[in-house]
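What follows is each chain in one-letter form.
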Amino acid sequence: MKVLIIGSGGREHTLAWKIFQSERVEKIYVAPGNDGMSDLAERVPIQIDQIEELANWALANKIDLTVVGPEDPLVNGIVDHFEAKGLRIFGPNKEAALLEGSKVFAKSILKKYDIPTAEFEVFTDPDAALNYLEEANYPLVIKAEGLAGGKGVVIASKKEEANAAVERIMEDKVFGDAGDRIVIEDFLEGQEISVLALTDGEHILPLAPAQDHKAIFDGDEGPNTGGMGAYSPTSFMTDDLWDEVCEDILEPTVKALKEEGVSYKGVLYAGLILTDTGMEVLEFNARFGDPETQVILPRLEDDLVELMELVIDGRLSEKKSLSWDERAAVCVVLASGGYPLTYETGFEIKGLDDLKQHDNLLIFHSGTKLVGDKWFTDGGRVLGITVLGDGILDAINQVYDFLEEIEFEDIHYRTDIGFKIIED
Ligand code: GLY
């Protein structure tokens, strides 16, 4: 079969790597992809927001399955568009993707169906929001309703910071329409864990849990990024907690959507926090996480294409459980210095080809460019380096040894990926 992957980052490189292993797949295309994936997939020069062009291309090229990586095309209705042309596509439709596309929608589902999450208020009027902040307890969290590239969430430790966030989001419109409405919610403290589950709208099949490291600097300091590293599994997730996540969060969410007349098919990504009183939902995403995918899929032993087909066909109940590589996976993201703010690109990356020799090491490209036979930086997040080791500590030690062999000007990476588990 022919598979088209939509997107161009480390997540999509990992999807291509995993889908390539399926015996059912003859050919993979990626739109637009990056140079690092060219050995697995043929690149198609269509951007992720050109939904009509993507659908026409898929039709003309007899694509059997399309897999959507990023959230924007999902929220913009790529699945509805493909399905209307009779094309098979993996991901939630526009209505279901609202779980990520509208924080107001997600919070109202959580509240209505009594799924654990922080207390919150919704505001459409900046004056009402500023008024509310006068008497509020701090810290608190301010979220732009819509998609803001991971930058729409502000943790304010005092009133002045909260006021500034409301003004930036609602009055200065730094995220455009995405900030027309905001959610102000209580701040929750605890370990954050990402649980991604496949669902066909009726049944769920959770993938192994992972922990992301969103802040740019060691010790979770500095601004949030798309994610600077991840590991899987995580020892925070005991068997009891896992049951709690499935029974009190994932299953009720899918059921709640169904009751609202929304059939959610694809990956349901629950961003969770383990508080003193149990697991609560911080947010939902409607897609695979990045870099979480870079540690989850290397451990998944099942055929991902078969799983995606079961989801699309509403037959996920036929698959009772998933098989996992017992080894632990750790991914460290190498970024351009200055990311997530301003950064330069175009620096030569040295040492990559020598690294490819190690068989427990995977290199996923996010922002790279091949010129002749040399690699250059071409984005904020440049590479994800994943190692499978005998336990987290072994994987951490190995990944950092490997990283010493890679160099580019202004290279930045966190030196403490996995530190929370070690301190635990
Ligand atoms: N790692 C965070 C995300 O994928 O949104």
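Everything discussed here concerns the structure shown above.
Residues numbered from 1 in each chain as written. Predicted model: local features only at pLDDT ≥ 70, side-chain atom pairs only at ≥ 80, totals over all residues. Heavy atoms only, no water.

Undergrad: Tell me about the packing of helix α7 (residues 126–134) against helix α8 (residues 159–171), residues and numbers included.
TA: Remark: α7 packs on α8, axes separated minimally by 10 Å, with the N-to-C direction vectors making an angle of 170°. When the axes of α7 and α8 are compared, the pair comes out roughly antiparallel. Packed against α7, whose contacting residues are P126, A129, L130, L133 and E134, the element α8 presents K159, A162, N163, V166, E167, M170 and E171 at the interface. Of the residues assigned to the contact of α7 with α8, the class counts are seven nonpolar, one polar and four charged. (Axes fitted to C-alpha atoms, helices over the stretch in contact; angles between N-to-C directions. Helix = DSSP H or I, 4+ residues; strand = E, 2+ residues; numbered from the N terminus. Parallel < 35°, antiparallel > 145°, perpendicular 65-115°, else oblique. Contact = heavy atoms within 4.5 Å. Nonpolar A, V, L, I, M, F, W, Y, C, P; charged D, E, K, R; others polar.)

Undergrad: Describe the site of the ligand, listing the residues and the values that go with them.
TA: Neighbouring the ligand are the residues D212, K214, G226, Y269, N285, R287, G289, D290, P291 and E292. A distance of 3.3 Å separates a nitrogen atom of the ligand from a polar backbone atom of G226. At 2.9 Å from a nitrogen atom of the ligand is found a main-chain nitrogen or oxygen belonging to D290. The protein chains hide 90% of the 200 Å² of surface that the ligand would expose on its own. Residue composition of the shell around the ligand, grouped by class: two nonpolar, three polar and five charged. (Near = heavy atom within 4 Å. Polar contact = N/O pair within 3.5 Å; in protein donor to acceptor, adjacent residues only side chain to side chain. Areas by Shrake-Rupley, 256 points an atom, 1.4 Å probe, with all protein chains shown as cover.)

Undergrad: Go over the sheet that holds strand β7 (residues 140–144) with me, naming the residues and quoting the values.
TA: Taken in spatial order, the four strands make up an open sheet running β6-β9-β7-β8, and their pairing is antiparallel. The open sheet terminates on both sides in strands that have one partner only, identified here as β6 (120–123) and β8 (153–156). Strand-to-strand twist of the sheet, defined as the mean angle between neighbouring strand axes without regard to direction, takes the value 20°. Bridge analysis of β7 against strand β9 (residues 182–186) gives five bridges, and the strand direction is antiparallel. Note that in β9 the partner of I142 across the bridge is I184. Each of β6, β7, β8 and β9 is contacted by α8, which is oriented at about 5° to β7, the strand it contacts most. (Pairing = 2+ DSSP bridges.)

Undergrad: Let's hear about the layout of surface pockets: which residues, and what values?
TA: When its volume is computed, the second largest pocket comes out at roughly 340 Å³. Put simply, the parts of the chain that give the lining of the second largest pocket at least two residues each are α1 (10–20) and β20 (361–365). Looking at side-chain class alone, the lining of the second largest pocket contains eight nonpolar, four polar and three charged residues. (1 Å grid on protein atoms, 1.4 Å probe; cavity = no way out; pocket = protein on both sides within 12 Å on 5 of 7 lines; lining within 4 Å. Points joined across faces, edges and corners; volume = space filled by probe spheres on them.)

Undergrad: Can you break down the sheet that holds strand β5 (residues 89–90) residue by residue, with the values?
TA: Spatial strand order, β3-β2-β1-β4-β5: five strands in an open sheet with parallel pairing. Of all strands in the sheet, those bounded by a partner on one side alone are β3 (42–43) and β5. Two strands pair when backbone bridges link them, and strand β4 (residues 65–68) and β5 are joined in this way by two bridges, in the parallel orientation. When the bridges of β5 are listed, T66 appears paired with I89.

Undergrad: Talk me through α1; I want residue IDs and the actual numbers.
TA: Helical geometry: 3.6 residues make up each α-helical turn, so side chains three or four residues apart lie on a common side. Of all 11 residues making up α1, nine are buried, and the element is well covered by its neighbours. Those residues of α1 that sit buried are G10, R11, E12, H13, T14, L15, A16, K18 and I19. (Buried < 20%, exposed > 50% of the residue type's maximum accessible area, 1.4 Å probe, protein only.)

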